[in-house]
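# Chains, contacts and geometry: an overview
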Amino acid sequence: MTAYILRRLLYAIPILIGVNLITFTLFFVVNSPDDMARMQLGDKRVTQEAIDTWKAEHGYDRPLLYNADAPRLQRLTDTIFFEKSLKLFAFDFGRSDSGRDIGYDIRQRMWPSLAIALPTLLVGLAIAISYALMIVFFRATYIDFGSVVLLVAMMSISGLFYIIGGQFLIGKLFHLVPISGYDTGLEALKFLILPVVVGVAAGIGSSTRLYRTFFLEEINRDYVRTARAKGLRERVVLFRHVLRNALIPILTGVVAVLPLLFMGALIIESFFGVPGLGSYTIDAINRQDFSIVRAMVFLGSVLYILGLILTDISYTLVDPRVRLS
Amino acid sequence: MPVILITDALIFLLIAVGIVFGLYAARHEHLRGPWRQVGRSPVAVAALVVMLFYVGIGVLDSLHFHPRIEPLAEVGSPAATVNEADAVTGPDGKTTPDEQGTDASGSQRSAEQAQEITQAKDTISAAEPGASAPTYSTQIISVLDLLLSGLRERQEKTFSAPFATHLFVKEAIEQPDGSVVRAYPRLEHGGAHLEDPSQRSFDLLFRGLFGAIKGLMVWTAIMAGLIALLGWRRRQSFNDTATALWRGETAVPWRVVLITLAIMLVLSFTAAELGAKYHILGTDKVGEDVFYQSLKSIRTGLVIGTLTTLVMLPAAILLGIMAGYLGGRTDDVIQYLYTTLNSIPGVLLIAAAILMLQVYMTNNADQFESLVERADLRLLFLCIILGVTSWTGLCRLLRGESLKLREVDYVQAARALGVRHSTVIARHILPNVLHIVMITVVLDFSGLVLAEAVLSYVNIGVDPTMNSWGNMINSARLELARDPIVWWSLAAAFLFMFTLVLAANLLADVVRDAFDPRLRSAS
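Cut-offs and rules
- Residues numbered from 1 in each chain as written.
- Chains lettered and ligands numbered in written order.
- Predicted model: local features only at pLDDT ≥ 70, side-chain atom pairs only at ≥ 80, totals over all residues.
- Axes fitted to C-alpha atoms, helices over the stretch in contact; angles between N-to-C directions.
- Helix = DSSP H or I, 4+ residues; strand = E, 2+ residues; numbered from the N terminus.
- Parallel < 35°, antiparallel > 145°, perpendicular 65-115°, else oblique.
- Left-handed = near helix turned anticlockwise from the far one by under 90°.
- Contact = placed C-beta atoms within 7 Å.
- Nonpolar A, V, L, I, M, F, W, Y, C, P; charged D, E, K, R; others polar.
- Pairing = 2+ DSSP bridges.
- Domains from an automatic or database assignment.

Residue and element names in this part refer to chain B. Interaxial distance between helix 2 (residues 29-39) and helix 19 (residues 488-515) falls to 9 Å at its minimum, and their mutual angle equals 140°. Between helix 2 and helix 19, the crossing angle belongs to the class labelled oblique. Where helix 2 crosses over helix 19, the handedness of that crossing is right-handed. Contacts from Pro-34, Gln-37 and Val-38 of helix 2 reach helix 19 at Val-510, Val-511, Ala-514 and Phe-515. Here the contact of helix 2 with helix 19 is built from residues that sort into six nonpolar, one polar and no charged.

What follows is the structure, given as structure tokens:
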């Protein structure tokens, strides 16, 4: 097991190098730091001096890959590639274009993101599984048909609609909870309700429909027929046999997204003014703060690969037939 | 003078590919069978009819051209007063196409210039029409713009509610006796034909009914034509065919087709009739008709949904099959490639690429002739980036399927007989994975349309000057804070998007059920 995990972790390294190269190409080769400085300074007729000062301030005043002027080893380290891209491997994110420490910001903003993403995931999972189970219990009836139509309709509604509609309905019309904002400690609870409700509502359509197909796949299996032939009641068959086996694909799917929960929900956070990583990313995109975007790309890739590894491990834990190789 | 934007060219290419593929599928039973099954599903045909309307509007909006300008006269005729000029540009709706084109070109300029052009046109048409060589406006418009030029030109000052006769915000109005009152002023165009605004509901009812009747008449004509055609093909009398059709006894559910068609036709004709005199979905902040914006956004949504798949298909098919069929080192490299691309969060990759494009565009602004071309290039680029982030799923599916197919007897036999790899792939592998490609194309469509809205909201979507549902939502959400709220822009964007995505989702369901052999054997 340990050897397998180690091997998987080693395998992640070339992928991360690939990610790093792609972001480096996107950010520094497609447009030179000069172009970026010009964009940040906002004017087409910026003097070269102003550009040079901006570059020096933000550490872009080095050669891209190879510094011929520096002594020995620094020929390779005193470059943009080393400073801005390679240092990401040590989780040294550097400073944002506005001068803040990105690593500190990420550590601070991680928790509000998690506080929204985790309840959304758990509540959504509970609702989706029970609803899917109910549909399967009433399969091939009008409840089944109506539910599927409802789910498809819910899937077809834009996520933005849930956010705007939820904010309007719950926050403005009924004045139940504050529309947006965030607080520390227990006070945060009342700010969390609305984003969580909206997040759950937006995801319920597709996940319930997916789980329904999982259940239906299991229900045609031989062991279910055997269980019925034994004279078990439908309720017992569903809960003890079908649910347990269908949980395998459901849980492994959930495990894959677990690490990404830290990244937060982009739109929901920025809409409800939650100071999480999602709104951090959106703000960075809007302010065109490339350092933050670069850091988030790297972080996202690391978490994604972590999710892949966790999925493989969890497969072996819940399904003994799967062997690690 | 026709203009072909890059996305236009790709749309026509896509249509051509679709036709070729349709002909190919019609001659191969393993593809024709599932499609026949799709055609027999009532849900699918209803969805298809709705999508046909959307596609029709999208295609009309893809035929771009530079409108012709009549040459300006040296001095405008003094006789042509402002009132006369207004009468020509006024919301007539039944002007000749030529006049509409000229008017449309003028609307983007300042009002003064527009009047000048109209005046000039009056003088020229009076004196000697078409004396000099035709000149073309630098502006690019589409055939849809031409058809909707009435909607496009009737701009108000700012917000107005659907079917409103008065502006949404109060303004200082000078009364005839010289005093100034703050009140809601009448709209310049919406309901301007009404002497007394209180007659509005009667007028709305009357015009709505008139439009509905027009729609029903067109529908009756189409229905009669369809029944006649069906009857001719089945060698039945007209009455027998009609009875069979309305009892739902035909293989293809024509009854559902006709009912959906009736709903769509009545809706569009009523909208057209009312739209000629009112802003049926209100106006936005700068007074532009929301209904017009929603219709223009259809093309953007369709382009994103279809071109993205078109862009990614070659890479996904080629690499997926190669990885699965050839295996070994090739497989490793391709797997590495898509795992790497997949591990970058999609939104961030798009954001990074679009940010870089923005930097490039600001620094090379002189390369783009017009705003439309610039927006078009950005749209194409967005499609490519979305394609880069979404080809991996299909690639993985194809790899798995070709891995299985490689071991199948007939492929082994072909290899043993010395058939080249390329031939095996083309003759044996590709035809057997086409159904996966088709399911993915249909399934991805709705997701991409929805993604456009979210991306535009984050400002990394289509160009802000381009009409799209995402941009409509983005600009309208700030107005929700108003009291009473301005809801119509949002509602219109969501409604149009919902209809398209719902139709696509329903169709995708049926297509998947028809093509997925696993599901077919289960049911």
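Once that is clear, we can look at the pairing of strand 7 (residues 180-183) of chain B. All names here are of chain B. In this sheet, strand 7 lies alongside strand 6 (residues 171-174) in antiparallel orientation, the contact comprising four bridges. If you follow Glu-171 over to strand 7, its bridge partner there is Ala-183. Between strand 6 and strand 7, which pair antiparallel in sequence order, lie five residues; one of them, Gly-178, sits at a positive phi of approximately 100°.

Residue and element names in this part refer to chain A. In terms of domain boundaries, chain A breaks down into domain 1 (2-90) and domain 2 (111-318). Computed from C-alpha coordinates alone, the two centres of domain 1 and domain 2 are separated by 36 Å. Contact with domain 1, which involves 13 residues of that partner, is made by 11 residues of domain 2. Elements that contribute at least two residues to the side of domain 1 that touches domain 2 include exactly helix 1 (2-29) and helix 2 (33-41). At nine residues, the largest contribution of residues to the side of domain 1 that touches domain 2 is made by helix 1. When its residues are assigned to classes, the side of domain 1 that touches domain 2 shows nine nonpolar, three polar and one charged.

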